[in-house]
Amino acid sequence: MTTPFRCGYVAIVGRPNVGKSTLANALIGAKISIVSRKAQTTRHRINGVLTREHEQFVFVDTPGFQTRHGGAMNRMMNRVVTQALSEVDVVVHVVEAGKWSPGDEKLLPLLPAPEKTILVLSKVDSLKNKNELFPFTQKLLQQYPYSAVVPVSAVKNVQLEQLLDEIAQRLPEGEPMFEADTLTDRSMRFIVAELIREKIFRLVGDELPYGCTVVIEQWEENETGARIAACVVVERESHRPILLGAGGNHMKRIATEARQDIVKLLEKPVFLDVYIKVRKGWSERESTLRDLGYE
Ligand SMILES: Nc1nc2c(ncn2[C@@H]2O[C@H](COP(=O)(O)OP(=O)(O)OP(=O)(O)O)[C@@H](O)[C@H]2O)c(=O)[nH]1
C-alpha cells in the first residue's frame, strides 16, 4: 500500500515576541519565507512552503492579533482572525515555555477545534529549570485541550522534525498545491520582477499611462552567480522612448538599481539584462495572472 500524499494550510499564531517568525524560518528555511511573503493567493497570503516526501506544508500569514485597540475594533479583528483560522487545516499556537501572559490568554477563544490545534512551547533552550515544563504544560492543557504539545527550540533546532510530524498527521490527503522544487525560483522571479517594476515606477511611472509588465525571461543561477534577463513589456511603441530616456539613461539607472537589490536578495553576483518589448493588450492578461498569484 502506498502512503497517501497530504497537503494543507498551516497557521502559526501567538502573541508578539514568542518566536513565531524564527520558528517559521527554521521550519521552512529562511530564504523561502522571506521571499514568498509576497506571493498572493486568493484566499491566503502564503508565507512559505515546505515539501517533504509525503507532505506539503503551506504556511500562511494570519492577520495580526489586535490587543491594543479596544471594543469594536477588537471584536472585528477577532472575527477576522477566527475566520482565517477556521479556514486553515492546522493551527500551531506558540507559547513561550514557562511564560504565560494575558496576551497568550486572549488568543484562546480564537483557536479552532482542538483536533487541529497544536501547542508549541518555544525557546526551551532558554528555560533554566526544565522541570517547570511539565506543570506548565498541564496548566495550559486545562485552559485548552490541544491535541498535541511539542516543546521546541527554533534556534537550537530542537524537536522541529517532531513538530512537522505532528502537523503532517493533521493535514488532509491531497495533491501538492505547489511544485516541490520550483517554488523558491518562482517566488524569486516574482520578487525580482517586482523590484524592477518598482524602479520603473519611481523613475517614469507618471509618464507611462498603461504601466508596464516585467517578465523574467531567463534565469540561470549557480553558487557563484546569477544571470537574469528581464523583459519590460509596454503597450505602445511611444512608451519605448519614455522608458529608455535620453541616451538610454533611464533604462541604465533602472537596471543598476534593480541589480543592487537583487544582489542583496540572492547574496551573490548578478548579471542583469533588461530590455523592452511592445505588446498590445498584454496588461489585461497579465493582471489576471497576477491576481492568481503568478508572476
Ligand atoms: N533562546 C531562543 N530565542 C528565540 C527562539 N526563537 C526565537 N527567539 C527569540 O525571540 C525573539 C522574538 O522572536 P520572533 O521570531 O521575532 O517572534 P515573533 O513571535 O515572530 O514576534 P512578532 O513578529 O513580534 O509577533 C527574538 O529575539 C528571537 O531571537 C528560540 O528557540 N530560542
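Since we're looking at a predicted model, the values are computed, not measured. (Residues numbered from 1 in each chain as written. Predicted model: local features only at pLDDT ≥ 70, side-chain atom pairs only at ≥ 80, totals over all residues.)

Engineer: Mind laying out the overall build of the chain, listing which residues take part and the relevant values?
Structural biologist: Along its length, the chain carries 10 helices and 9 strands. Residue burial in the chain is summarised as follows: out of 295 residues, 33% are buried. Residue pairs at least 24 apart in sequence account for 71% of intrachain contacts in the chain once pairs closer than 6 positions are excluded. (Helix = DSSP H or I, 4+ residues; strand = E, 2+ residues; numbered from the N terminus. Buried ≥ 20, exposed ≤ 12 C-beta atoms within 10 Å, placed from the backbone. Contact = placed C-beta atoms within 7 Å.)

Engineer: I'd love a proper account of the site of the ligand, names of residues and values included.
Structural biologist: Near the ligand, the surroundings consist of 15 residues, among which Pro16, Gly19, Lys20, Ser21 and Thr22 are the closest. When residues in the shell around the ligand are grouped by element, the largest group, 3 residues, is from helix α1 (residues 20-28). (Near = placed C-beta within 6 Å.)

Engineer: Got a sec to walk through the sheet that holds strand β9 (residues 270-278)? Specific residues and values, please.
Structural biologist: One open sheet holds the 3 strands; their spatial order is β7-β8-β9, and the pairing between them is mixed. Pairing within the sheet leaves two strands with one partner each, and these edge strands are β7 (213-222) and β9. The average angle at which neighbouring strand axes cross in this sheet is 15°, direction not considered. Here β7 runs beside strand β8 (residues 225-234); their pairing, made up of 9 bridges, is antiparallel. The residue bridging Val215 from the neighbouring strand is Cys231, located in β8. (Pairing = 2+ DSSP bridges. Axes fitted to C-alpha atoms, helices over the stretch in contact; angles between N-to-C directions.)

Engineer: Break down the nonpolar core for me, citing the residues and quoting the values.
Structural biologist: One finds Val10, Ala11, Ile12, Val92 and Val120 to be the most contacted residues of the largest nonpolar core, which totals 41 residues. Secondary-structure elements contributing two or more residues to this core are β1 (6-13), α1, β2 (45-51), β3 (55-61), α3 (71-87), β4 (90-96), β5 (117-122) and α6 (160-169). At 6 residues, β1 tops the list of elements feeding residues into this core. In this structure, Val120 is in contact with Val92, His93, Val94, Val150, Val152 and Leu163, ignoring residues within four places of it in sequence. Core analysis: the second largest hydrophobic core is formed by 21 residues, Met188, Ile196, Cys212 and Ile228 among them. (Core = buried A, V, L, I, M, F, W, Y, C linked by C-beta atoms within 7 Å.)

Engineer: If you had to explain unusual backbone geometry to someone new, which residues and values would you point to?
Structural biologist: Backbone geometry at Lys123 places phi at a positive 55°, although glycine is not the residue there. Position of Lys123 relative to the elements: it lies in the loop between β5 and α5 (133-143). Even without being glycine, Asn157 reaches a positive phi, approximately 60°. Tracing the sequence through the fold places Asn157 in the loop between β6 (148-151) and α6.

Engineer: Before we move on, could you go through the environment of Val233 and cite the residues and values that matter?
Structural biologist: With respect to the helices and strands, Val233 occurs in strand β8. Expressed as a C-alpha distance, the spacing of Val233 and Lys277, which sit 44 residues apart in the sequence, is 4.9 Å.

Engineer: Describe in detail the environment of Val214, supporting the description with residues and values.
Structural biologist: By the secondary structure assignment, Val214 is in strand β7. Between the C-alpha atom of Val214 and that of Ile200, which follows or precedes it by 14 residues, the distance is 9.8 Å. Not counting residues up to four positions away in its chain, the partners in contact with Val214 are Ala193, Ile196, Arg197, Ala230 and Val232.

Engineer: If you had to explain α1 to someone new, which residues and values would you point to?
Structural biologist: When α1 is considered as a whole, its buried residues turn out to be Lys20, Leu23, Ala24, Ala26 and Leu27. Around the axis of α1, the buried residues are gathered within 165° of arc, so they sit on the same side. (Arc of directions from axis to C-beta.)

Engineer: Can you explain the confidence of the model for the chain? Please cite residues and give values.
Structural biologist: Should the pLDDT be low somewhere, the predicted coordinates at that spot are not to be read in detail. In this model, the chain carries an average pLDDT of 82, and 79% of its residues clear a pLDDT of 70 or more. Of all helices and strands in the chain, the one with the weakest mean pLDDT is helix α2 (residues 30-36) (40), whereas β5 scores best (98). Segment residues 30-43: pLDDT under 50, and 34 contacts once partners within four positions in sequence are set aside and those in other chains are kept. (pLDDT = per-residue confidence, 0-100.)

Engineer: Can you break down the environment of Ala148 residue by residue, with the values?
Structural biologist: You can see Ala148 is positioned in strand β6. By the C-beta count within 10 Å, which is 19 here, Ala148 ends up partly exposed. Residues Ala148 and Thr117 lie 31 residues apart in sequence; the distance between their C-alpha atoms is 7.4 Å.

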